[in-house]
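Residue strings, one per chain:
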Amino acid sequence: MAVLVTGASGFIALHVINLLLSQNYKVIGTVRSQAKADKVIRQFNNPNLSFEIISDITKLDAFDETLKKHGKEIDNVIHMASPLPEEGNTDFENHYLLPAVNGTKSILSAIKKFAPRSVKHVVMTSSIAAIINVNDFSVVTTEKDWNPITWEQAKTSSFMCYLGSKTYSEKAAWDFLKENKDEVDFKFTAVNPAMVFGRQMFDEDVKDTLNVSCEFVNKILCLPPTEKLSQDYAMSYVHVDDVALAHVKAIQEDKFDGKRLLLSAGTYSDQLIANSINKQFPQIKGTIPPAVEDCKQLDIRYDSAVTQKLLGIEWKSFDASVYDIVHQALKRRGKL
Ligand code: NDP
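Just so it is clear, the structure is predicted and the values come from calculations on it, not from any experiment.

### Here's the deal with the domain arrangement of the protein chain
Looking at the assigned domains, one finds that the protein chain contains domain 1 (2-196 + 237-263) and domain 2 (198-236 + 266-300 + 315-332). The straight-line distance from the C-alpha centre of domain 1 to that of domain 2 is 27 Å. Here domain 1 meets domain 2 over a buried area of about 2200 Å², counting both sides, of which 63% is carbon and sulfur. It is M195, Y237 and H239 that lose the most area in domain 1 upon contact with domain 2, and together they represent 35% of the buried surface on that side. Where domain 1 touches domain 2, the interface holds 3 salt bridges. A salt bridge links D241 to K316, with the shortest nitrogen-to-oxygen separation between them at 2.7 Å.

### Some words on the packing of helix α1 (residues 11-22) against helix α8 (residues 240-252)
At a closest axis distance of 9 Å, the pairing of α1 and α8 adopts a crossing angle of 55 degrees. By the criterion of interaxial angle, the relationship of α1 to α8 is oblique. As α1 packs across α8, the resulting crossing turns out to be right-handed. Contact with α1, carried on its side by F11, I12, H15, V16, L19 and L20, involves V240, D241, V243, A244, L245, H247, V248 and I251 of α8 and no other residues of that element. Taken together, the residues of the contact of α1 with α8 break down into 11 nonpolar, 2 polar and 1 charged.

### Here we look at the site of the ligand
Inspection of the region around the ligand gives 24 residues, with S9, M80, Y162, K166 and V196 positioned closest. Measuring from an oxygen atom of the ligand, one finds a backbone N or O atom of G10 at 3.3 Å. For the ligand, whose accessible area on its own is 880 Å², the fraction buried by protein is 87%. Among the elements of the structure, α1, α6 (158-179) and β7 (195-197) are those that each provide at least two residues to the shell around the ligand. Residue composition of the shell around the ligand, by class: 13 nonpolar, 8 polar and 3 charged.

### Focus on unusual backbone geometry
The phi dihedral of N24 is positive, around 65 degrees, even though this residue is not glycine. The exposed category is assigned to N24, whose relative accessible area is 64%. For N45, which is not glycine, the phi dihedral falls at a positive 50 degrees. Here N45 is to be found in the loop between α2 (34-44) and β3 (49-53). A relative accessible area of 67% places N45 in the exposed class.

How each quantity is defined
Residues numbered from 1 in each chain as written. Predicted model: local features only at pLDDT ≥ 70, side-chain atom pairs only at ≥ 80, totals over all residues. Heavy atoms only, no water. Domains from an automatic or database assignment. Buried area = accessible area lost by both parts, 1.4 Å probe. Salt bridge = Lys/Arg side-chain N within 4 Å of Asp/Glu carboxyl O. Axes fitted to C-alpha atoms, helices over the stretch in contact; angles between N-to-C directions. Helix = DSSP H or I, 4+ residues; strand = E, 2+ residues; numbered from the N terminus. Parallel < 35°, antiparallel > 145°, perpendicular 65-115°, else oblique. Left-handed = near helix turned anticlockwise from the far one by under 90°. Contact = heavy atoms within 4.5 Å. Nonpolar A, V, L, I, M, F, W, Y, C, P; charged D, E, K, R; others polar. Near = heavy atom within 4 Å. Polar contact = N/O pair within 3.5 Å; in protein donor to acceptor, adjacent residues only side chain to side chain. Areas by Shrake-Rupley, 256 points an atom, 1.4 Å probe, with all protein chains shown as cover. Buried < 20%, exposed > 50% of the residue type's maximum accessible area, 1.4 Å probe, protein only.

This is how it looks when you write it as structure tokens:
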């Protein structure tokens with residue numbers, strides 16, 4: 001039997017696939033192009049990994065062919081494909097909202113049509129974006145909370161649109177489960193990570209600019225030492241290893257059925273990132289913004305205690321999360 005992973009060329013997906021392959025799962029990935037499939041096949045070089053090409057997840061029958069072909073051999077699905085915020089892309093509905101929402105509907109309806117008995121568990125990579133309170137970021141939220149963002153609010157910027165795309169796509173999944181409870185019997189878990197930090201799975205993917213979330217750390221390396229950094233709340237973070245582990249644990253144990261897993265290890269500011277880099281990489285001191293010793297400490301905005309207990313893991317630390325990005329980036333620049 002195999003695990004179907006959608007969006008299998010992404011930053012987090014490569015870590016999830018790596019963990020699955022290391023535990024001897026067969027993995028069928030879906031990507032948008034043959035070139036991406038070829039690259040990931042080469043990178044893993046593992047006969048348990050294969051690919052299907054799905055060029056447009058916005059189509060409501062996007063996953064039908066794949067589930068028709070492989071339905072009987074797939075017992076778990078991890079749905080990760082979804083657009084990340086992209087500066088300058090203002091086609092909010094078509095670029096973000098519809099692929100996210102329709103992609104979720106199309107994978108679930110393909111399972112219902114072609115693999116309603118063989119698929120045992122579906123894990124959807126949602127986001128803290130579906131939990132955050134867009135009208136008041138200072139409210140402490142938990143797995144029980146939903147972002148109150150409206151469809152109209154979502155169409156005002158790429159950031160808002162991302163928040164909306166994750167909120168409405170996760171809602172679409174829970175609605176599907178309610179509406180189809182007599183026709184499908186798979187278990188379902190939503191994984192809601194904060195900003196995901198950590199190393200790129202393969203060194204060759206370390207470029208000047210990294211994937212959206214790691215770039216929040218990488219960009220500090222390019223700032224001059226004179227730059228004044230914000231000490232105010234930026235976001236909350238979680239290490240990619242913990243995110244991969246949560247996805248794999250979710251398909252392995254029934255106790256995760258019907259749960260939302262809030263993956264949040266703590267809050268950070270740009271200045272706290274710089275402090276961590278200066279502490280851990282003294283060799284680049286003076287080339288980036290300096291540490292500030294009495295830096296503002298930030299309140300917890302997300303209470304992930306329930307998820308942490310359920311998963312039974314200790315979150316990897318902020319320093320470890322920053323280290324893994326910076327170490328790889330500096331190595332590539334020949335500074336280590
Ligand atoms: P990546 O951009 O690295 O991966 C996103 C994946 O989704 C890629 O494989 C991408 O394909 C695919 N994708 C994007 N848009 C489409 C589309 N329109 N049609 C088909 N496939 C598409 O991001 P991450 O690995 O960071 O994100 C993976 C998942 O985790 C997403 O669902 C994201 O919302 C969620 N998440 C990420 C967080 C983070 O901080 N990184 C935090 C919380 C949730 P392609 O390679 O072809 O572009």
